[in-house]
There are 2 protein chains.
Amino acid sequence: MAQRRSGHVTLLDIARACGLSVSTVSIVLSKAPLSRNVAAATRDQILTTARQLGYHPDAYARSLRSRHSQTIAVLSFDLSDPFCIPVVRGIQARLDSESYLPLLMDAQTQRRLFDKYLNMILERRAEGVIVIASWVFEETNLLADIKKNHVPIVIVSRDLSRRGISSVLVDNEAGGALAMRHLRDLGHRKIAVVRGPKDLFDSEPRWIGIQRAADEAGIRLDRKLVFRLPNLVDPMSGFEGGLKFAQQMLASKRPFTAVLAFDDLTALGVVRGLSEAGLRIPEDCSVVGFDDVLPAAVATPGITTIRQPIKEMGTRAANWMLEALDAREQGREAAPRLHRSTPELVTRMSSAPPPGKRVKKR
Amino acid sequence: MAQRRSGHVTLLDIARACGLSVSTVSIVLSKAPLSRNVAAATRDQILTTARQLGYHPDAYARSLRSRHSQTIAVLSFDLSDPFCIPVVRGIQARLDSESYLPLLMDAQTQRRLFDKYLNMILERRAEGVIVIASWVFEETNLLADIKKNHVPIVIVSRDLSRRGISSVLVDNEAGGALAMRHLRDLGHRKIAVVRGPKDLFDSEPRWIGIQRAADEAGIRLDRKLVFRLPNLVDPMSGFEGGLKFAQQMLASKRPFTAVLAFDDLTALGVVRGLSEAGLRIPEDCSVVGFDDVLPAAVATPGITTIRQPIKEMGTRAANWMLEALDAREQGREAAPRLHRSTPELVTRMSSAPPPGKRVKKR
DNA sequence: TTATATTATTCAAACGATTGAATACCAAGC
DNA sequence: GCTTGGTATTCAATCGTTTGAATAATATAA
């Protein structure tokens, strides 16, 4: 384990140990085309000495020279949101077989950190950026710096395709409608709704879908039973919002037999609020969420929800990124794309026919 | 936005645009000591041109030269485990003010990925590694390669201090005892236990603490009501294990009024299993978890649990890392340390006195 | 025997930044 | 007029790797 001035073993160390030049060693260790006419004996000698000395090529030197960082930045707006991890998993799954390293960054819902990481992405010469963000945050020129440097971008959970950025997200409107239709099918007519916060992209289309399906079913939504979450700072605030609004619903004395929540955490908050008031879920009131994240699945009763194919969305984003990188390699510029994944109803235990209308079993 | 052969703006671009040498530009932009005797006019000119051209220093070139990657790797055994994120948050919180970038890596409970990332850590010349791992995985020489290269290591959630690695973890034994004493205080005598899997470091000490507290309270644990989780592959398997064992408990026909679960996900599984059989939590049976992760807090009933100060543990780990880096800077080698955080009982709604023993309110 | 190819290895110039040493300029001191 | 001492800027080497071009040694063809 020969150590030199720097703590790490370099090509030069190996070259010296073998009595060869740095070039030869490099050619062999990086499996360059030329290595096919390096004598087998020499090759073996280099390989074994490298192993003995514990050689690890310096990614910095290599990237500097080769002009490839082999890095794809994954900038998440909030890693503590259970939504993000499956996206990341999907990305990792696709990137695992490639030689790219996903560079995970967590903006923690803070604009300052978002900017800071954007800057690091540029400095670290990431070859592409996958952004997981539902924020609106006046993003007009947030990603401008990235685009200016011709770094391909793919965004998950937000439609920026008209700004020229490839986007993959769930069909929120269809999802909202799906949730509403599920409640209608069960026989509910009086439905409370907790809408998402203003600065979240998903909020509006989901609400539109809900209204559309309500109209189609001839259900009139009681304005007093429609709430709107304040801006979220972390996943817990969705829960707390749901809890608070559940109390308000009850306090309003308006009749309702089901609650359609903006997302799963909100739904869990609603369940808590209603339960504390002595209501049983789903016997006295149904609750439906959105997303299908882990906490919704492991709660009891399990939350009926609209599933986003989260992991698949991540994989798709990674796939597009690889294609964009390929295109750029060939001098082309990949055209921005848009994909709306189809949401899916996951029926768990938090929804059932309204009280006094037990038509289906359970 | 002058682009050169590489897509990025370099010092040379700025130097040319200003009619100065690369050195001067570098000195100004990197705020080197020499910059104090660069004429103010020159300085301004450089600064504004840099901004205009959209200059971002190349981290690779800089690190290669300065021999500092400004990177601390954070290798998590499974990011989808709700335990990991708060640790990461704690690390980020401490590192945010420093110029170090946390390089997040997710081994997804796969040995192969763990190795792969370990290798990347070396290649990317991370200056330190914080490992979040409770695995046993015959780690004898897993981290050997890292140590050989004199990269400081701090491990979270595992005691490797006798192997010379600084370790911060919760006092599992105290936590186990705390949980048991809580149930005893409520009046429980017949308690089922779901032990952790063999290859998880936490399993044994928690079990020891539970037994110790049971002994002290004169509680005899019914062997038929003690279960052991199989090895976990993801957070859901804890849930499924709890669910399955709850069914076995009931099938065994042995009497019990409380369940002490290995962790929160397991506790949630137990709650589900008992609920499906018609038992009410906590009226008919109490359930206690361990860790205090998000799903335990947002479930209804909220899970009574033993809280680990997870974020603080992350912060401490980061702090030690910075100190170790400092020490190394000065040629010293920081001595390995060990900290056992004090666990704390968080009383929620899943625990209450046993049926027929309603002594306390509620 | 000389030219030509093939095989095995090395030279040397990058990549983009940093930095100790060098240079040029100019004023002041003797 | 020559040194001394700032001030302002540049030279040139360096970090560890890659790679097109060059070289050397050997084998094959003419």
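Predicted model only: the values in this text are computed from it and were never measured.

### With respect to the overall build of chain A
Thinking step 1. Each helix and strand in chain A was counted, giving 13 helices and twelve strands.
Thinking step 2. Viewed in the frame of its principal axes, chain A has a C-alpha envelope of about 90 × 40 × 35 Å.
Thinking step 3. Counting all 362 residues of chain A, 57% fall into the buried class.
Thinking step 4. Put simply, of all contacts in chain A between residues at least 6 apart along the chain, 73% involve residues at least 24 apart.
Thinking step 5. Accessible surface, chain A as shown: approximately 15400 Å² in total, 50% of it carbon and sulfur.

### Some words on empty space enclosed by the protein
Taking a probe equal in size to a water molecule and rolling it over the atoms shows the remaining empty space.
Residue and element names in this part refer to chain A.
Thinking step 1. A complete count under the given rule lists nine cavities of 30 Å³ or more for this structure.
Thinking step 2. The calculated volume of the largest cavity comes to roughly 310 Å³.
Thinking step 3. Residue composition of the lining of the largest cavity, grouped by class: eleven nonpolar, five polar and eight charged.
Thinking step 4. If you count residues domain by domain, the lining of the largest cavity takes at least three from each of domain 2 (68–170 + 310–341) and domain 3 (172–308).

### With respect to the pairing of strand S2 (residues 101–106) of chain A
All names here are of chain A.
Thinking step 1. Among the six residues in S2, six count as buried, and that is most of the element.
Thinking step 2. The pairing of strand S1 (residues 71–76) with S2 spans six bridges and is parallel. Looking across to S2, one finds that Val74 is bridged to Leu104.
Thinking step 3. Between S1 and its parallel partner S2, the chain crosses via helix H5 (residues 84–95), and the hand of that crossover is right-handed.

### What about the protein's contact with DNA strand C?
Thinking step 1. Every one of the 27 residues lining DNA strand C counts as a neighbour, but Thr24 and Arg67 of chain A together with Leu11, Ser26 and Arg65 of chain B are closest to it.
Thinking step 2. Backbone atoms, meaning sugar and phosphate, make up 63% of the atoms of DNA strand C lying within 4 Å of the protein.
Thinking step 3. Between DNA strand C and Ser26 of chain B there is a distance of 2.8 Å, counted from a phosphate oxygen to a side-chain nitrogen or oxygen.
Thinking step 4. Between a base oxygen of DNA strand C and a side-chain N or O atom of Arg65 of chain B, the distance comes to 2.3 Å.
Thinking step 5. Of all the elements in the fold, those that place two or more residues in the surface near DNA strand C are helix H2 (22–29) and helix H4 (59–66) of chain A together with helix H2 (22–29) and helix H4 (59–66) of chain B.
Thinking step 6. When residues of the surface near DNA strand C are assigned to their parent elements, the largest contribution, four residues, is made by H2 of chain B.

### A short note on the sheet that holds strand S7 (residues 226–228) of chain A
Residue and element names in this part refer to chain A.
Thinking step 1. The four strands lie next to each other as S7-S6-S8-S9, forming an open sheet whose pairing is parallel. Looking at which strands have only one partner, the edges of the open sheet turn out to be S7 and strand S9 (286–288). Across the sheet, the mean angle from the axis of one strand to that of its neighbour is 15°, orientation sign disregarded.
Thinking step 2. Against the sheet, helix H9 (residues 203–216) contacts strand S6 (191–195), S7 and strand S8 (258–260), and its axis sits at roughly 165° relative to S6.
Thinking step 3. The strands that helix H11 (residues 264–276) touches are S6, S8 and S9; relative to S9, the one it contacts most, it runs at about 160°.

### With respect to the protein's contact with DNA strand D
Thinking step 1. With respect to spatial proximity, 27 residues lie near DNA strand D, and among them Leu11, Tyr55 and Arg65 of chain A together with Thr24 and Arg65 of chain B are the closest.
Thinking step 2. Sugar plus phosphate, as a fraction of atoms of DNA strand D within 4 Å of the protein: 64%.
Thinking step 3. Within the backbone of Ala39 of chain B, a nitrogen or oxygen atom sits 3.0 Å from a phosphate oxygen of DNA strand D.
Thinking step 4. Every element with two or more residues in the surface near DNA strand D is listed here: H2 and H4 of chain A together with H2 and H4 of chain B.
Thinking step 5. In terms of residues, the surface near DNA strand D owes the most to one element, H2 of chain A, which gives four residues.
Thinking step 6. Its residues assigned to classes, the surface near DNA strand D shows eleven nonpolar, ten polar and six charged.

### Some details on the state of the cysteines
Thinking step 1. One pass over the structure, following the stated rule, counts zero disulfides over all chains.
Thinking step 2. Of the cysteine sulfurs around Cys84 of chain A, a residue in no disulfide, the closest is that of Cys84 of chain B, at 15 Å.

### Points about the sheet that holds strand S7 (residues 226–228) of chain B
Residue and element names in this part refer to chain B.
Thinking step 1. Sheet architecture is open: four strands sit in the order S7-S6-S8-S9, paired in parallel fashion. Looking along the sheet, the strands with just one partner apiece sit at the ends: S7 and strand S9 (286–288). Averaged over all adjacent pairs, the angle separating strand axes in this sheet is 15°, with direction ignored.
Thinking step 2. As judged from the three bridges shared by strand S8 (residues 258–260) and S9, these two strands associate in the parallel manner. Note that in S9 the partner of Val259 across the bridge is Val287.

### Looking at the interface of chain A and chain B
Thinking step 1. Contacts between chain A and chain B engage 64 residues on the former and 63 residues on the latter.
Thinking step 2. Both sides of the chain A and chain B interface together cover about 6000 Å² of buried area, and 57% of this is carbon and sulfur.
Thinking step 3. At the junction of chain A with chain B, the criterion picks out ten salt bridges.
Thinking step 4. Taken together, the links from chain A to chain B amount to 31 residue pairs in polar contact (both at pLDDT 80 or more).
Thinking step 5. For the side of chain A that touches chain B, the secondary-structure elements that each account for two or more residues are H4, H5, S2, helix H6 (111–123), helix H7 (144–148), helix H10 (235–252), H11 and helix H12 (294–298) of chain A.
Thinking step 6. A total of eight residues in the side of chain A that touches chain B trace back to one element, the largest contributor, which is H6 of chain A.

### Some words on the domain arrangement of chain A
The figure often quoted for interface size is the accessible area lost as the parts come together.
Thinking step 1. Taken domain by domain, chain A comprises domain 1 (11–57), domain 2 (68–170 + 310–341) and domain 3 (172–308).
Thinking step 2. On a C-alpha basis, the centroid separation for the pair domain 1 of chain A and domain 2 of chain A is 37 Å.

Cut-offs applied
- Residues numbered from 1 in each chain as written.
- Chains lettered and ligands numbered in written order.
- Predicted model: local features only at pLDDT ≥ 70, side-chain atom pairs only at ≥ 80, totals over all residues.
- Heavy atoms only, no water.
- Helix = DSSP H or I, 4+ residues; strand = E, 2+ residues; numbered from the N terminus.
- Buried < 20%, exposed > 50% of the residue type's maximum accessible area, 1.4 Å probe, protein only.
- Contact = heavy atoms within 4.5 Å.
- Areas by Shrake-Rupley, 256 points an atom, 1.4 Å probe, with all protein chains shown as cover.
- 1 Å grid on protein atoms, 1.4 Å probe; cavity = no way out; pocket = protein on both sides within 12 Å on 5 of 7 lines; lining within 4 Å.
- Points joined across faces, edges and corners; volume = space filled by probe spheres on them.
- Nonpolar A, V, L, I, M, F, W, Y, C, P; charged D, E, K, R; others polar.
- Domains from an automatic or database assignment.
- Pairing = 2+ DSSP bridges.
- Right-handed = clockwise from strand over helix to strand, strands pointing away.
- Near = heavy atom within 4 Å.
- Polar contact = N/O pair within 3.5 Å; in protein donor to acceptor, adjacent residues only side chain to side chain.
- Axes fitted to C-alpha atoms, helices over the stretch in contact; angles between N-to-C directions.
- Disulfide = S-S within 2.5 Å.
- Buried area = accessible area lost by both parts, 1.4 Å probe.
- Salt bridge = Lys/Arg side-chain N within 4 Å of Asp/Glu carboxyl O.

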